[in-house]
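# Per-entry structural report
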Amino acid sequence: MAFWDGLRRERGPHFDSGNAASNAIELTKRHPVVSLTKQGATTGNLRVNLSWRMRTSDIGGRSRPNASLLRHPLRALQPDVVQAHTQGVVNVDLDLGCLYELTDGSKGVVQPLGSLFGGLNEPPYVQLSGDDRFGAPSGETIFINLDHREKIKRLLVFVYIYDQTPAFDRTHAIVTLYPSNGPRIEIQLEERHPQARSCAVFSVENVKGDLVVRREVKFVYGFQAELDRLYGWGLQWGRGYKSKI
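Residues numbered from 1 in each chain as written. Predicted model: local features only at pLDDT ≥ 70, side-chain atom pairs only at ≥ 80, totals over all residues. Heavy atoms only, no water.

A few words now on the sheet that holds strand 14 (residues 210-220). The sheet built from six strands is open, its strands ordered 3-14-13-10-5-6 with antiparallel pairing. The sheet terminates laterally at strand 3 (33-35) and strand 6 (107-110), the two strands that pair on one side only. When strand polarity is set aside, the average angle formed by the axes of neighbouring strands in this sheet is 20°. Of the pairings in the sheet, the one linking strand 5 (residues 94-102) to strand 10 (residues 152-161) comprises nine bridges and is antiparallel in character. Residue pairing for strand 10: cysteine 98 is matched across the bridge by valine 157. Together, strand 10, strand 13 (198-207) and strand 14 form the strand contacts of helix 3 (residues 224-231), whose direction differs from that of strand 14 by roughly 125°. (Pairing = 2+ DSSP bridges. Helix = DSSP H or I, 4+ residues; strand = E, 2+ residues; numbered from the N terminus. Axes fitted to C-alpha atoms, helices over the stretch in contact; angles between N-to-C directions. Contact = heavy atoms within 4.5 Å.)

What follows covers the packing of aromatic side chains. Counted according to the given criterion, the structure contains one aromatic pair. Its end group placed over the ring of tyrosine 178, arginine 47 keeps NZ or CZ at 4.0 Å from the ring centre. A cation over a ring is seen here: arginine 154 above tryptophan 233, with NZ or CZ 3.7 Å from the ring centre. (Phe/Tyr/Trp six-rings, centres within 6.5 Å; stacked < 30°, edge-to-face > 60°. Lys NZ or Arg CZ within 6 Å of the ring centre and 35° of its normal.)

Its place among the elements puts aspartate 210 in strand 14. The spacing of aspartate 210 and threonine 42 is 168 residues in sequence and 9.3 Å in space, taken between C-alpha atoms. The residues touching aspartate 210, leaving out its near neighbours within four places in the chain, are Ser35, Thr37, Lys38 and Glu205.

We now examine the nonpolar core. Val48, Ile144, Val159, Phe168, Leu177, Leu189 and Phe202 are the most contacted members of the largest nonpolar core, which totals 42 residues. Not counting residues up to four positions away in its chain, the partners in contact with valine 159 are Leu50, Leu94, Asp95, Leu96, Phe168, Val175, Leu189, Arg197, Ser198, Cys199 and Val201. Membership of the second largest hydrophobic core comes to twelve residues, among which are Tyr160, Tyr162, Ala200 and Trp233. (Core = buried A, V, L, I, M, F, W, Y, C linked by side-chain atoms within 4.5 Å. Buried < 20%, exposed > 50% of the residue type's maximum accessible area, 1.4 Å probe, protein only.)

In this section: the environment of cysteine 98. Following the sequence through the fold, cysteine 98 ends up in strand 5. On the basis of relative accessible area, cysteine 98 is assigned to the buried category, the value being 0%. Expressed as a C-alpha distance, the spacing of cysteine 98 and valine 157, which sit 59 residues apart in the sequence, is 4.3 Å.

What follows is the structure, given as structure tokens:
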């Protein structure tokens, strides 16, 4: 690294950035905040994508390369299967949701449960594209219409495990924000919380005219109601179920 690069990094914004090839900002514990206003990304749709793949359980670690892998090197690129303590396959269904509070005082949630998919051009100006139950490469996506940013007080984007198997520690999950301008923003859910069922990933708030994205990554052992209590949303919650496929 050149000396001048070090100086520029000291004077730059307080967030970690990826390499030039990836064109991405990674929010971390050390540098958790990025300003959409300073990026000129306060209009249009902010696209938020959740994607994940399953990996081998930490029990026993990864197996060593074998002869078949040498004969078929492309197998090394295939994602590992999540396994339970019994070495059986775990079905993981990660869902993306968003708690919202508007400036008029209205509050609610956008999530797959209850088919609360929201609306993009009407309150809450947050819309979920659909429900991915199988960890498809496209994942799940939420759109936030920042053309109505003056009507949005705060947002909290979260991820939860729908089924009965806590498996955050055995999935590679990443939430990526695609602003209308500037590099994408990445938040990895890489911390080990094997019993957690939900995670507050990031918040969006208008701070004195500055639209700020803040990394949260707070795991809880309950579901949306526990995230609600943690952030003081004040909604009423009941048990929800998905229809069978």
